[in-house]
Amino acid sequence: MRDAGMPRPASYYFLSFVFTLFVLFLYGPMICVYILSFQGPTGGMSFPMQGWSLHWFTVLFDGNGRGVGDIHNAFWRSMRMCAIMAVATMLIATAAGMSFRRRYPGSNFVFYSAIVSMILPGLFVGFGIALTFNIFGLKSDWWHSGLGAQLTWSLPFGLLIMFIVLGRFNPSYEEAATDLGANSRQRFLYIILPIILPGIIGITTAGFTSSYQEAARTSLNVGTGNTMPMELTALLGMATTPVMFAIGTLTTLFMFTLVIVTLVVVARIAKQRQLRLTRQSA
Amino acid sequence: MTFSPRAASWLQATPFMLIMVFLVIVPLVIVFVASFMDYGFAEVIPVLYWGNYLDIFRSRLTWDLYATALRMLVIVWTVTLLLGFTIAYYLIFHVRSNFWRAIFLMACAIPFWTDGAIRMISWVPLLGREGLVNQALMGMGIIEQPISWLLYSEFSVVLVYINMLTLAMLGPIANSMGKIDYSIIQAARDQGAGEWQIITNIIIPLVRPGIAIGSIFILTAVMGDAFIVKMMSGNQVNTPAGAIMTEIAAFQYPPAAAKSVVMLVLVIGVVATILRVVDIKKELAR
């Protein structure tokens with residue numbers, strides 16, 4: 001067990017071994033994708049490597065669409081939805097989270113509807129929305145039914161993040177501001193917002209990534225034109241060349257950049273606040 | 001302009017509530033209603049019709065779909081529970097430095113930044129007929145013919161489920177374990193309890209909420225999935241969710257609705273049973 005200074009029990013070595021295998025199980029296939037995306041022009045979808053090249057990346061970018069379908073448009077369609085979803089999730093979930101700072105009639109309903117939306121299999125929610133649109137004679141399209149379907153997935157997570165953030169919120173800061181004569185707008189802008197800002201950035205990123213990854217709800221409601229996960233799944237069925245792996249390497253790099261930038265921004269905000277606090281107490 | 005606190009809360013929650021009502025609750029009611037209706041091509045005929053349900057319960061084929069889904073669910077749940085618990089236990093109770101614990105937890109989460117479809121295709125170079133596993137086994141002389149059931153089979157579907165869903169079990173369990181007061185464990189050890197006794201008598205009872213939340217994630221992910229099963233089985237394994245997708249694609253909405261209702265009743269039944277045993281709201285608030 002974890003007490004320092006005591007000798008490691010035998011179980012430690014066994015469990016370390018299990019963990020190593022698990023990490024290999026998680027990363028092994030992905031690493032194969034990254035390596036195979038640099039396959040030579042004559043190489044196929046499995047090992048051995050037939051030389052190394054950037055051939056499949058060039059095929060992806062200036063190819064005549066062979067083997068890559070509509071991936072470029074799908075990417076930009078996804079990006080457009082992701083950007084809107086990031087902002088919408090941030091605004092709606094933050095507002096809903098703020099409402100929970102007081103008890104009010106109906107708060108349980110909001111909470112349980114979020115739980116239901118989170119644990120219901122996406123396929124059924126997506127089907128329900130599609131059927132509703134169909135019955136009312138509406139044609140589904142990305143900017144209403146598509147975004148709406150994605151919101152049913154991203155909002156509960158945003159609300160959950162708000163619960164965690166507000167659970168750690170120390171109300172005495174706000175009381176101090178009230179005592180000093182701050183009105184509700186000033187309290188929010190100068191006290192609450194700076195404190196919960198890392199959480200809000202987290203919600204924004206969650207809105208972006210959940211929109212990028214969601215397929216079960218989106219696919220039935222997005223109208224014409226695939227988003228990334230749908231396009232990738234469609235390509236997967238007829239994949240014959242390593243160009244799929246090139247897409248995998250690039251999209252992974254893209255997501256990595258996004259998450260790491262978020263982490264850096266959040267860490268920087270936390271550090272600045274720490275600096276300010278120490279400067280004041282010094 | 002000022003509002004009473006209650007009105008302010010309502011205003012803040014309104015957009016959220018509208019989306020939940022009109023895009024989750026109303027659609028589910030409509031699915032429920034439509035499941036009792038007759039249908040034509042791409043239309044729902046508002047006449048009471050029990051055939052959608054009778055077809056499900058009469059057809060041997062449909063029973064097989066549910067049996068397949070349940071079998072895969074039981075395997076995936078068992079493996080992810082064992083694996084998730086073991087690894088969470090290792091990270092929380094065996095790794096001594098907080099730094100390495102954070103790094104290891106990150107390491108488990110990072111693969112989820114990659115698109116699900118890419119993670120699916122990443123198994124092809126490993127499990128395919130010319131894949132690494134077959135190459136290795138043939139190279140070692142264990143087999144002479146490549147094993148064909150490694151890819152596009154129930155095996156590969158279950159493998160990908162385990163690969164993608166273990167974190168959904170590991171995370172909540174590790175979260176519950178992290179909240180255990182370590183002095184309880186030290187006290188037990190001072191009284192002479194062995195590691196196995198500590199696990200069964202202290203840790204397992206205390207992480208039940210985590211196990212419950214993880215189990216709910218696994219349940220809904222497996223029962224609601226039509227993509228992984230379609231891709232990884234190469235259309236050879238069919239489940240109720242897959243059948244629902246097929247019927248939706250064929251514009252046969254009421255039978256798809258009836259199958260959805262049956263699935264939802266199953267899922268909600270299990271979730272409700274789990275929630276009776278474990279108070280999740282208390283777990284979230286802590």
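Above this text you will find the structure in question.
Position labels on residues start from 1 in each chain and follow its written sequence. Starting at A for chains and at 1 for ligands, labels are handed out in the order in which the entities are written. Reporting of local features is limited, given that this is a predicted model, to residues whose pLDDT is at least 70; pairs of side-chain atoms are given and counted only at 80 or more, and all residues count toward the totals for whole chains, interfaces and linings. In computing side-chain values, all of the structure's heavy atoms are included and hydrogens and water are not.

1. Topic: the overall build of chain B
- Under the scheme used here, helices are H or I runs from DSSP no shorter than 4 residues and strands are E runs no shorter than 2 residues, and both carry numbers assigned from the N terminus. When helices and strands are counted, chain B shows 15 helices and two strands.
- Expressed along its principal axes, the backbone C-alpha trace of chain B runs to roughly 75 × 70 × 40 Å.
- Out of the 286 residues belonging to chain B, those deemed buried represent 51%.
- Here a residue-residue contact requires only that any non-hydrogen atoms of the pair lie within 4.5 Å. Contacts in chain B between residues at least 24 apart in sequence constitute 69% of all its contacts with a sequence separation of at least 6. Note on classification: 1.4 Å probe, protein chains only; a residue is buried when its accessible area is under 20% of the maximum for its type, exposed when over 50%, partly exposed between these limits.

2. A look at the overall build of chain A
- Tallying secondary structure elements over chain A gives 11 helices and zero strands in all.
- Going from the N terminus to the C terminus, chain A shows its helices and strands as α-α-α-α-α-α-α-α-α-α-α.
- This radius of gyration counts C-alpha atoms alone. The globule rule is 2.2 Å times how many residues there are, raised to the power 0.38. Computed over the C-alpha atoms, the radius of gyration of chain A is 24 Å, more than 25% above the 19 Å expected from 2.2 N^0.38 for a compact globule of 282 residues.
- Taken along its principal axes, the extent of the C-alpha atoms in chain A is 75 × 70 × 35 Å.
- Within chain A, buried positions represent 49% of all 282 residues.
- Sequence-distant contacts in chain A: of pairs separated by 6 or more residues, those separated by 24 or more amount to 71%.
- Roughly 13,500 Å² of accessible area belongs to chain A as shown, and the carbon and sulfur atoms make up 67% of that amount.
- Residues scored as positive are Lys and Arg, those scored as negative are Asp and Glu, and His as well as the terminal groups of each chain are ignored. Charge positions are represented by NZ for Lys, CZ for Arg, CG for Asp and CD for Glu. Here chain A carries 18 positive and 9 negative side-chain charges, and the mean point of each set is 7 Å from the other. We get accessible surface area from the Shrake-Rupley algorithm with a probe of 1.4 Å; when it comes to residues, only the shown protein chains can shield them.

3. Looking at the pattern of salt bridges
Residues and elements named next belong to chain B.
- Salt bridges are counted wherever a side-chain nitrogen of Lys or Arg sits within 4 Å of a carboxyl oxygen of Asp or Glu. This structure, assessed with the given rule, holds six salt bridges over all chains.
- A salt bridge links aspartate 64 to arginine 60, with the shortest nitrogen-to-oxygen separation between them at 3.4 Å. In this pair, aspartate 64 and arginine 60 are both assigned in helix 3 (residues 60-94), four residues apart and thus about one turn of the helix distant.
- Using a relative accessible area of 63% as the deciding quantity, one classes arginine 60 as exposed.
- Among the ionic pairs, arginine 71 bridges to glutamate 154, the shortest N-O distance being 3.0 Å. In this pair, arginine 71 sits in helix 3 while glutamate 154 sits in helix 8 (residues 154-178), placing the two residues 83 residues apart along the sequence.
- For arginine 71, a relative accessible area of 43% puts it in the partly exposed group.

4. Focus: the interface of chain B and chain A
- Opposite the 88 residues of chain B that make contact, chain A presents 89 residues.
- Here the quantity called buried area is the accessible surface, traced with a 1.4 Å probe, that two parts lose on coming together, added over both. For the pairing of chain B and chain A, the buried interface totals around 8,100 Å² over both sides, and the portion due to carbon and sulfur atoms is 77%.
- Per-residue buried area on chain B facing chain A is highest for B:Phe16, B:Arg96 and B:Trp113; these three make up 11% of the total on that side.
- Summed over the shared surface of chain B and chain A, the result is zero salt bridges.
- Pairing of N or O atoms within 3.5 Å defines a polar contact, subject to two protein rules: one partner must be a possible hydrogen donor and the other a possible acceptor, and residues neighboring in sequence count only if both atoms are side-chain atoms. Applying the counting criterion to the chain B and chain A interface returns nine residue pairs in polar contact (both at pLDDT 80 or more).
- For the side of chain B that touches chain A, the element with the highest residue contribution is helix 1 (residues 5-34) of chain B, accounting for 21 residues.
- Each residue gets one label: Ala, Val, Leu, Ile, Met, Phe, Trp, Tyr, Cys and Pro are nonpolar, Asp, Glu, Lys and Arg are charged, and the others, such as Gly, are polar. Class assignment for the residues of the side of chain B that touches chain A results in 65 nonpolar, 14 polar and nine charged.

5. Some details on the packing of helix 11 (residues 208-224) of chain B against helix 14 (residues 253-277) of chain B
All names here are of chain B.
- Between helix 11 and helix 14, the least distance of the axes is 10 Å, while the angle of their chain directions is 175°. Compared by their axis directions, helix 11 and helix 14 come out roughly antiparallel. Here helix 11 contributes Arg208, Ala212, Ser215, Ile216, Leu219, Thr220 and Met223 to the contact with helix 14, which in turn contributes Met263, Val267, Val270, Val271, Ile274, Leu275 and Val277.
- Here the contact of helix 11 with helix 14 is built from residues that sort into 11 nonpolar, two polar and one charged. Inter-axis angles, ranging from 0 to 180 degrees, are taken between N-to-C directions of lines fitted to C-alpha atoms, where helices are fitted over the stretch in contact. Angles are sorted into four bins: roughly parallel if under 35 degrees, roughly antiparallel if over 145, roughly perpendicular if 65 to 115, and oblique for all others.

6. Topic: the packing of aromatic side chains
- Side-chain rings of Phe, Tyr and Trp, where Trp is taken by its six-membered ring, are said to pair if the distance between their centres is within 6.5 Å; with planes under 30 degrees apart they count as stacked, over 60 as edge-to-face, and otherwise as tilted. Under the counting rule described, the total for this entry stands at 25 aromatic pairs over all chains.
- Both rings, one in B:Trp100 and one in B:Phe104, keep their centres 5.9 Å apart while their planes meet at 40°; by these two values the pair is tilted. Of this pair, B:Trp100 and B:Phe104 both sit in helix 4 (residues 98-109), separated by four residues, roughly a single helical turn.
- Taking relative accessible area as the criterion, B:Phe104 reaches 22% and is therefore assigned partly exposed.
- An angle of 90° between the planes, with centres 6.4 Å apart, marks the rings of B:Phe251 and B:Tyr253 as edge-to-face.
- Judged by relative accessible area, B:Phe251 falls into the partly exposed class, the value being 36%.
- Among the aromatic residues, those joined into a ring-pair cluster are A:Tyr12, A:Tyr13, A:Phe19, B:Tyr90, B:Phe99, B:Trp100 and B:Phe104.
- Between A:Arg80 and the ring centre of A:Trp142, over which it is positioned, the NZ or CZ distance is 3.9 Å. Look at NZ for Lys and CZ for Arg. If either is within 6 Å of the ring centre and within 35 degrees of the ring normal, a charge sits over the ring.

7. Some points on the packing of helix 3 (residues 71-99) of chain A against helix 6 (residues 142-167) of chain A
Residue and element names in this part refer to chain A.
- The interhelical angle for the contact between helix 3 and helix 6, taken along N-to-C directions, is 45°, at an axis separation of 7 Å. In terms of orientation, helix 3 lies oblique with respect to helix 6. In terms of crossing hand, the pair formed by helix 3 and helix 6 is right-handed. Counted together, Arg80, Met81, Ile84, Met85, Ala88, Thr89, Ile92, Ala93, Thr94, Ala96, Gly97 and Met98 of helix 3 and Trp142, Gly146, Leu147, Gln150, Leu151, Ser154, Leu155, Gly158, Leu159, Met162 and Leu166 of helix 6 form the full contact between these two elements. If you view the pair so one helix is near and one far, a crossing is left-handed when the near helix is turned anticlockwise from the far one by less than a right angle, and right-handed when it is turned clockwise.

8. Things to note about a nonpolar patch on the surface
Residues and elements named next belong to chain A.
- Only residues above 30% relative accessible area that lack a salt bridge enter a patch, with like-charged residues linked at up to 9 Å and the nonpolar side chains Val, Leu, Ile, Met, Phe, Trp and Tyr linked at up to 5 Å. Together, Phe17, Leu21 and Leu24 line one region of the surface with nonpolar side chains, adding up to about 320 Å² of accessible area.
- With respect to the secondary-structure elements, leucine 21 resides in helix 1 (residues 10-36).
- Residue leucine 21 is classed as partly exposed on the basis of its relative accessible area of 43%.

9. Thoughts on the layout of surface pockets
- In this analysis, the protein atoms alone were mapped onto a 1 Å grid. Cavities are point sets where a 1.4 Å probe fits without being able to get out; pockets are open sets with protein on both sides within 12 Å along at least five of seven lines; lining residues have an atom within 4 Å of a point. Grid points are joined across faces, edges and corners, and a volume is the space filled by probe spheres set on the points. Roughly 890 Å³ of internal volume is contained in the second largest pocket.
- Along its surface, the second largest pocket is lined by 32 residues, and A:Ser219, A:Leu220, B:Met245, B:Ile248 and B:Ala249 are the ones closest to its centre.
- Elements with a contribution of two residues or more to the lining of the second largest pocket: helix 5 (122-135) and helix 10 (228-237) of chain A together with helix 12 (227-232) and helix 13 (240-249) of chain B.
- A per-element tally of the lining of the second largest pocket places helix 13 of chain B first, with five residues.
- Broken down by class, the residue content of the lining of the second largest pocket amounts to 17 nonpolar, 13 polar and two charged.

10. A few points about the nonpolar core
- Counting residues in each nonpolar core, the largest one holds 172 residues, and the members touching the most others are A:Phe127, A:Ile196, B:Phe16, B:Phe93, B:Tyr161, B:Met177 and B:Ile203.
- With 14 residues, helix 3 of chain B is the largest single contributor of residues to this core.
- Those residues within four positions of B:Ile203 in sequence are excluded, and the remaining contacts are B:Phe85, B:Tyr89, B:Phe93, B:Met177, B:Ile180, B:Ile185 and B:Ile198. Nonpolar cores are built from buried Ala, Val, Leu, Ile, Met, Phe, Trp, Tyr and Cys residues. Side-chain atoms within 4.5 Å join them into one set.

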